[in-house]
Amino acid sequence: MIKIRKIDYDTAKKEILGYYKNYSESYDYEVADDLELDYEFVCQVLNELEQEGSLGLVE
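Right, let's walk through the structure included here. Counting restarts for each chain, with residues numbered from 1 along the sequence as it is written. Side-chain atom pairs in this predicted model are given and counted only at pLDDT of 80 or more, local residue features only at pLDDT of at least 70, and totals for whole chains, interfaces and linings cover all residues. Excluding hydrogens and water, the side-chain figures rest on all heavy atoms present in the structure.

1. Description of the overall build of the protein
Phase 1: A count of helices and strands for the protein gives three helices and zero strands.
Phase 2: Start at the N end of the protein and walk to the C end: the helices and strands fall as α-α-α.
Phase 3: Just to be clear, the radius of gyration here is over C-alpha atoms, and the globule rule we use is 2.2 Å times residues to the power 0.38. Taking 2.2 N^0.38 as the reference for a compact globule, 59 residues should give roughly 10 Å; the C-alpha atoms of the protein span a radius of gyration of 11 Å, in line with that estimate.
Phase 4: The principal-axis extents of the C-alpha atoms in the protein amount to approximately 35 × 20 × 15 Å.
Phase 5: Burial classes follow relative accessibility: with a 1.4 Å probe on protein chains only, a residue under 20% of its type's maximum area counts as buried, one over 50% as exposed, and anything between as partly exposed. For the protein, the residues scored as buried account for 31% of the 59 residues in total.
Phase 6: We call two residues in contact when some of their heavy atoms are within 4.5 Å. Considering only intrachain contacts with a sequence separation of at least 6, the fraction spanning at least 24 residues in the protein is 56%.
Phase 7: For the accessible areas, the method is Shrake-Rupley and the probe is 1.4 Å, while residue cover comes only from the protein chains on display. Taken as a whole, the protein presents about 4400 Å² of accessible surface, with 47% of it coming from carbon and sulfur.
Phase 8: For the purpose of charge, His is not counted, nor are the chain termini; Lys and Arg are scored as positive and Asp and Glu as negative. To locate a charge, the coordinates of NZ of Lys, CZ of Arg, CG of Asp or CD of Glu are taken. In the protein, which carries 6 positive and 15 negative side-chain charges, the distance between the mean positions of the two groups comes to 8 Å. Strands are runs of DSSP state E lasting at least 2 residues, helices are runs of H or I lasting at least 4, and numbering of each runs from the N terminus.

2. What about a nonpolar patch on the surface?
Phase 1: The residues that make up patches have over 30% relative accessible area and no salt bridge, and they are joined within 9 Å when like-charged or within 5 Å when they are Val, Leu, Ile, Met, Phe, Trp or Tyr. Any carboxyl oxygen of Asp or Glu within 4 Å of a side-chain nitrogen of Lys or Arg constitutes a salt bridge here. A surface patch of nonpolar side chains, amounting to about 360 Å² of accessible area, comprises Tyr-27, Tyr-29 and Tyr-39.
Phase 2: Looking at Tyr-27, the relative accessible area reads 55%, which means it is exposed.

3. A few points about the environment of Glu-48
Phase 1: Within the secondary structure, Glu-48 sits in helix α3 (residues 39-52).
Phase 2: Classification of Glu-48 as partly exposed rests on a relative accessible area of 26%.
Phase 3: The residues contacting Glu-48, other than those within four sequence positions of it, are Tyr-9 and Lys-13.
Phase 4: Any pair of N or O atoms that falls within 3.5 Å is considered a polar contact. Within protein, one atom must be able to donate a hydrogen and the other to accept it, and sequence-neighbouring residues count only if both atoms are side-chain atoms. A distance of 2.9 Å separates polar atoms of two side chains, one belonging to Glu-48 and the other to Lys-13.

4. What to know about the packing of helix α1 (residues 9-22) against α3
Phase 1: Here the axes come from fitting lines to C-alpha atoms, over the contacting stretch only for helices, and the angles between their N-to-C directions go from 0 to 180 degrees. Look at α1 against α3: their axes get within 10 Å of each other, and the N-to-C directions meet at 75 degrees. The angle between the axes of α1 and α3 places the two elements in the roughly perpendicular class. Note on element contacts: α3 touches α1 through Phe-41, Val-42, Gln-44, Val-45, Leu-46, Glu-48, Leu-49 and Glu-52, opposite Tyr-9, Ala-12, Lys-13, Ile-16, Leu-17 and Tyr-20.
Phase 2: Class assignment of the residues belonging to the contact of α1 with α3 gives a composition of ten nonpolar, one polar and three charged. Working rule for angles: under 35 degrees goes down as roughly parallel, over 145 as roughly antiparallel, 65 to 115 as roughly perpendicular, anything else as oblique. In this count, Pro and Cys sit with the nonpolar residues alongside Ala, Val, Leu, Ile, Met, Phe, Trp and Tyr, while Asp, Glu, Lys and Arg are called charged and the others, Gly among them, polar.

Written as structure tokens, this is what we have:
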């Protein structure tokens, strides 16, 4: 059974950025699985983070 958490957009952005600080090279489906978030939602957040240039700043 797959558990999907419901969290707000800003919280998701923070969690995803934190995830990439720990695992700099991860696929979007890994982020969704590990953070227990909806895959489509993760893709939406990742697209915004890429447009902002935020993912390139994660080290």
